[in-house]
Amino acid sequence: MKTSYAISVVFISIVIIIIITTFGDASTYVSFSEARSMYNIGNSSKIHVVGQLNKNENNEIQGLINGKNKLSFSFDMIDGNGKIESVFYGEPMPPDFLLSEQIVVIGSYNEEKFIANEILLKCPSKYTENNIKL
Amino acid sequence: MFTAGNIGHFFVVSSFVFSLVFIISFLISEKSKNKIEWFRFGSLTFYIHSVFIVGIFIVIYYLIINNRFEYYYVFQHSSKELPIYYKISSFWEGQEGSFLLWIFWNIVIGIIFINKPVSKWNTSVMIVIGLIQLFLTSMVLGINLFDIKIGSSPFILLKDAIAAPIFQINPDFIPEDGTGLNPLLQNYWMVIHPPTLFFGFAVCVLPFAYAISSLRLGDYVGWIEPAKKSLIVSTIILGIGIMMGAYWAYETLNFGGYWNWDPVENAVYVPWLFLIASLHSIVLTKKNRDNYKLSLILSILSFLLILYSTFLTRSGILGDSSVHSFTDLGLSGQLLLYLFSFIFISIYYLIKRWKNIPTSEKEIKKYSADFWLFIGVFTLLLMAFQVIFPTSIPVYNSIVGFFGGFSNIAPPVQKELFYSNAQIWFASTIATLSGLAQMLWWKGKKSKELIKLISRPLILTMIISSFVILLYPVNNISYMILLFASFFSIFSNGSVLLYFFKNRNFISSASISHIGVAIMLIGILFSSGYSSIVSQNYTGLVWNNDFPDEVNQNNMLLFLNEKRTIGNYDVDYLGKRKQLKNYSGYINENYLEYIPLLNKHILKKDFNLNGNKIFENDTVEVENKDITYFELKFTNKRNGFGDDGDGGNEFNLFPKVQTDPNSDMIVFSPDIKNNFIEDLYVHVRTFPDPKQEIVWKEKDSIVVKINETFFLNDYVSVLKKITTKNTNNKNRFTVEASINIMANNQEYIAKPVYIIEDNKVGLIPDIIDDLGIKIYLSEIIPDSQRFKITFQTTQKNWVIIEAVQKPLINLLWIGFFILLFGLFLSLYKTKR
């Protein structure tokens, strides 16, 4: 039975290593205010913020500024606590961005703005519009 | 009332009911004395079930093809203008359609099984398939039972699905057009990739069904051979499905690469690794009549992981971490029930039979082939675990949340590095083991033979890999190890292949598959590890201060017909192109004049499009108005390799940009120059925004006669003809000039128009986009038969591109085909 024990011990230890490194490298979902306080205490690790586009009653998107030739853009995002923050993204607007019902920005604060390194959208496979365009 | 939707819904409900009927029939067949009769009855009810499924497909296609936008599913996924092949694929854009695709493949598999001779295995497999059909058809049921939503029907009416205000005013409102297929998915891969992937999902049920049947029937030997065969088939089909997705991502979606470690990709990669682990485990079981437990568990887990991945991608749980999971249809509970039922069934039978499953006390001989194969199986499992554990992070948050806690862990930020850095070590181990175990596999060899077998590949590996490492140079330790391991796998498996082919006239299909995997690994190593941007900005100019630094540094701004250097090439931007319906090839946008009323274009001059002559004033239709191609001419600067002309020295690429008229959405797709050594991957980063207003310079004028040659902003031009057009309106007089402009070695034609109506003059200028020139016919001087031509210029047309070299990416595809060949060969051999 010796060999199989040895194999199991090695197997289990690798499993444990994988679990530890995963949690070591894992990021966190936070709100804008938490992200801000992380930045203020000098923690520059990248975090996830979940939120939505800032829309008015007529479903118009607020605070959207396209950079020169649409190579970058910034937009207003409301996080889960209702805080509105301007987010800058140094890449062209992702397809389906304006149709998204939920946005996850991955990045960190840099002085005044929240700089996103990556944007994830919920809804790219479908247009779940509640209004029919006439 | 018998509407199409009602009929469709009736088919769904009936297919659900009949799946229950055939399960019960097959269950009775197992116990009854009249096995054959009950099996026949089960088969009959299965056929009825299948007919209903096919009926659902027919109804949905009937609705899609007839543009019945009063149905929510059709409204959501299709539109009038969609070509027929995209209408076909719009079927599986939504969750309901993709479930139906899976259901469809299950009936195909079921039909194969009920036509086999009646046996306890086939009956039991049919019961398991039936159970899956029962669950899958329940996902599209769309009925509410005691306020619980069971399934989501594809036959819901729009007015029932969306509470839009219009329906209060007009309950019979039917929208003019649907919202259509997402432009990202308007691609031929969308037509073939999902059906293949779901076929893969469907066949994965077979190893599971055999394992469960083995436990149910208490027969641990009979399942091995058919399960092995089905494992090979599953590996092949799911593998093809995954690689199609990878190639799609690489070739058109412009995700930057073929693999992005997105949770949706991970969710199919992991079951695939499990299938391979199961296959190797079952090979061991077959040979030693041992390790039944491991083989059973792995075959079961492979399918449970398929169900788990279905849950991940469809429950909406990945919404915060994936780019392309489905949206939540409110079916998470049902999906979870589905998953847990199958886990429960598996655990129940495993526990029930655990003590009866034969085991041997025989210890595996250390450092034998079996030993290494065993290690290989565990390495594959760890490799899969390293991916599925972090991918499941959103699930942990939900579980903690479910029990009232709070957890906000998110997946690792740099997921490419996080996964690749770990996977490279597992891949190296796998490659090494595949070589080692393969050489030791054949027992009874004399030690002399063995030494000969091992020494040669080792020496070859040493020489070749050091050669590559020094020359390329590869200077990353983990890359060196992977390269070394891959070469070792190629040479050791190669020598096994040669040895047995020469001495025993036997082809080792396993060796072929292993070589394929090793070649894939080398392809992945170079194309990902050494992919390099060649469009570095060497000009010292900053394209635009507003651009992010990365854009200014890694991209090249090209003005029309001005050469710049990218990598080893001189690159010339030749202008914007369109594709025409019914013609292959690309046509300069400037040769087309748009007629808005007809939604068609007329040709401004004769043109030879890939050998097809089309003539001036011909009416043509543009394939897709929203797609523009940017023609780029590449000339290799390193001439003198013997090939003159087109032999790879000169080629044109057509990266594509698709805009969406309804939104700001822009989809950039690359064009790829495929060389054996490396791919040149070129895509547009940005181009002058067509919606932005053009700033024109001051006007300039010249007075000319017909056929007079003059200079229009330095271009030699001729006023070719003046045509007058009489319209029905007698008060209206229209004059059109036709001016030929010679520029960039081609002839452009401008057709400005001069209109007099009720003594008022109107000018319609013509813009030659390529030349950045706007031309007016501004005055007619009747006395001297002269015409005044006015023109304005603007900045020349430009485009900013990124070009990336992906070395040896072809090895990835070639290696995969070799792997497939090996798998097919082993399938063929087990069939005999």
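Everything that follows concerns the structure shown earlier in this document.
Residues numbered from 1 in each chain as written. Chains lettered and ligands numbered in written order. Predicted model: local features only at pLDDT ≥ 70, side-chain atom pairs only at ≥ 80, totals over all residues. Heavy atoms only, no water.

Q: Quick question: what am I supposed to make of the overall build of chain A here?
A: Summing up its helical and strand segments, chain A has two helices and seven strands in all. Mapped from its N terminus to its C terminus, chain A presents α and β elements in the order α-β-α-β-β-β-β-β-β. Within the span of chain A, comprising 134 residues, buried residues form 45% of the whole. Sequence-distant contacts in chain A: of pairs separated by 6 or more residues, those separated by 24 or more amount to 50%. Summing over all exposed atoms, chain A offers an accessible surface of approximately 6,800 Å²; the carbon and sulfur share of this is 55%. (Helix = DSSP H or I, 4+ residues; strand = E, 2+ residues; numbered from the N terminus. Buried < 20%, exposed > 50% of the residue type's maximum accessible area, 1.4 Å probe, protein only. Contact = heavy atoms within 4.5 Å. Areas by Shrake-Rupley, 256 points an atom, 1.4 Å probe, with all protein chains shown as cover.)

Q: Can you walk me through the packing of helix α5 (residues 95–114) of chain B against helix α6 (residues 120–139) of chain B in this structure?
A: Angle between the axes and distance between the axes: these two values describe a pair of packed helices. Residues and elements named next belong to chain B. Here α5 crosses α6 at 160°, and the two axes come no closer than 10 Å. Judged by the angle between their axes, α5 and α6 are roughly antiparallel. Of the two possible hands of crossing, α5 and α6 adopt the one that is left-handed. Contacts between α5 and α6 involve Phe-99, Trp-102, Ile-103, Asn-106, Ile-107, Ile-109, Gly-110, Phe-113 and Ile-114 on the former and, on the latter, Asn-122, Val-125, Met-126, Ile-129, Ile-132, Gln-133, Leu-136, Thr-137 and Met-139. Of the residues assigned to the contact of α5 with α6, the class counts are 13 nonpolar, five polar and no charged. (Axes fitted to C-alpha atoms, helices over the stretch in contact; angles between N-to-C directions. Parallel < 35°, antiparallel > 145°, perpendicular 65-115°, else oblique. Left-handed = near helix turned anticlockwise from the far one by under 90°. Nonpolar A, V, L, I, M, F, W, Y, C, P; charged D, E, K, R; others polar.)

Q: What exactly am I supposed to notice about the sheet that holds strand β10 (residues 600–603) of chain B here?
A: Strand-to-strand pairing in sheets goes through backbone hydrogen bonds, with the strands running parallel or antiparallel. Residues and elements named next belong to chain B. Spatial strand order, β9-β10-β13: three strands in an open sheet with antiparallel pairing. Each edge of the open sheet carries a strand with a single partner, namely β9 (592–595) and β13 (619–620). Sheet analysis places β10 next to β13, joined by two bridges and oriented antiparallel. Bridging from a neighbouring strand, His-601 pairs with Val-620 of β13. (Pairing = 2+ DSSP bridges.)

Q: Whenever I open this one, the environment of Phe-607 of chain B confuses me. Can you help?
A: All names here are of chain B. Take Phe-607: it is sitting in strand β11 (residues 607–609). Taking the C-alpha atoms as reference points, Phe-607 and Asp-679, separated by 72 residues in sequence, lie 32 Å from one another. The contacts of Phe-607, once residues within four sequence positions are left out, are Tyr-586, Ile-587, Tyr-591, Asn-612, Lys-613 and Ile-614.

Q: Explanation requested: the nonpolar core in the structure shown.
A: The nonpolar side chains of a soluble globular protein tend to be buried with one another. All names here are of chain B. Among the nonpolar cores identified, the biggest contains 177 residues, and Trp-102, Trp-223, Leu-238, Phe-303 and Phe-342 are the most heavily contacted of them. Sort the elements by how many residues they give to this core and helix α11 (residues 224–253) lands first, with 14 residues. Ignoring any residue separated from it by four or fewer positions in sequence, one finds Phe-342 in contact with Leu-131, Ile-132, Phe-135, Phe-208, Phe-303, Leu-304 and Leu-307. If you look at the next biggest cluster of nonpolar residues, it comprises 31 residues, including Leu-712, Ala-737, Ala-743 and Leu-777. (Core = buried A, V, L, I, M, F, W, Y, C linked by side-chain atoms within 4.5 Å.)

Q: Just to check I follow, could you spell out the pairing of strand β29 (residues 786–793) of chain B for this structure?
A: Look at any regular strand and the pattern is simple: side chains alternate between the two faces of the sheet. Residue and element names in this part refer to chain B. Of all eight residues in β29, six are buried; the element is thus mostly enclosed. Sheet topology places strand β20 (residues 700–704) next to β29; five bridges connect them, and they run antiparallel. Bridge pairing links Val-703 to Lys-788 in β29. Where strand β28 (residues 773–781) meets β29, eight bridges bridge the pair, whose relative direction is antiparallel. From the neighbouring strand, Lys-774 faces β29, where its bridge partner is Gln-792. Counted along the chain from β28 to the antiparallel partner β29, the turn is four residues long, and its residue Gln-785 has a positive phi close to 55°.

Q: Would you mind showing me how to read the sheet that holds β29 of chain B here?
A: Residues and elements named next belong to chain B. The four strands are arranged β20-β29-β28-β27 in an open sheet whose pairing can be described as antiparallel. Single-partner strands in this sheet number two, and they are β20 and β27 (766–768). Recorded for the sheet is a direction-independent mean angle of 30° between the axes of neighbouring strands.

Q: Even after reading the chapter, I still don't get the environment of Ser-428 of chain B, so can you show me in this structure?
A: Residues and elements named next belong to chain B. Along the polypeptide, Ser-428 turns up in helix α17 (residues 415–441). Under the relative-accessibility criterion, Ser-428 is labelled buried at 4%. Note: C-alpha distance between Ser-428 and Tyr-479 (51 residues apart in sequence) is 9.2 Å. In contact with Ser-428, not counting residues within four places along its chain, are Ile-481, Leu-482 and Ala-485.

Q: Would you mind showing me how to read a nonpolar patch on the surface here?
A: All names here are of chain B. Taken together, the side chains of Leu-458, Ile-459, Met-462, Ile-463 and Phe-484 define a hydrophobic patch exposed on the protein surface, amounting to about 440 Å² of accessible area. The element best represented in the nonpolar patch is helix α18 (residues 447–471), accounting for four residues. With respect to the helices and strands, Met-462 occurs in helix α18. The class of Met-462 is partly exposed, set by a relative accessible area of 43%. (Patch = residues over 30% accessible without salt bridge, like charges linked within 9 Å, V, L, I, M, F, W, Y side chains within 5 Å. Salt bridge = Lys/Arg side-chain N within 4 Å of Asp/Glu carboxyl O.)

Q: How should the pairing of strand β6 (residues 102–110) of chain A be read in this particular structure?
A: Residue and element names in this part refer to chain A. Burial runs high along β6: eight of the nine residues are buried. By the bridge criterion, five bridges tie strand β2 (residues 47–53) to β6 in an arrangement that is antiparallel. When the sheet's bridge partners are listed, His-48 is paired in β6 with Ile-106.

Q: Explanation requested: the pattern of salt bridges in the structure shown.
A: It is possible for side chains bearing opposite charge to pair when their charged atoms get close. Residues and elements named next belong to chain B. Inspection of the entire model under this criterion finds 13 salt bridges over all chains. When the shortest N-O distance is used, the salt bridge between Glu-30 and Arg-216 registers 2.6 Å. With Glu-30 in helix α1 (residues 4–31) and Arg-216 in helix α10 (residues 205–217), the pair connects residues that are 186 residues apart, well separated along the chain. We note that Glu-30, like Arg-216, is buried. In this structure, Glu-225 engages Lys-286 in a salt bridge whose closest nitrogen and oxygen atoms are separated by 3.3 Å. Placement of the pair is Glu-225 in helix α11 and Lys-286 in helix α12 (residues 263–288), with a sequence separation of 61 residues. Accessibility expressed as a relative area gives 32% for Glu-225, which makes it partly exposed.

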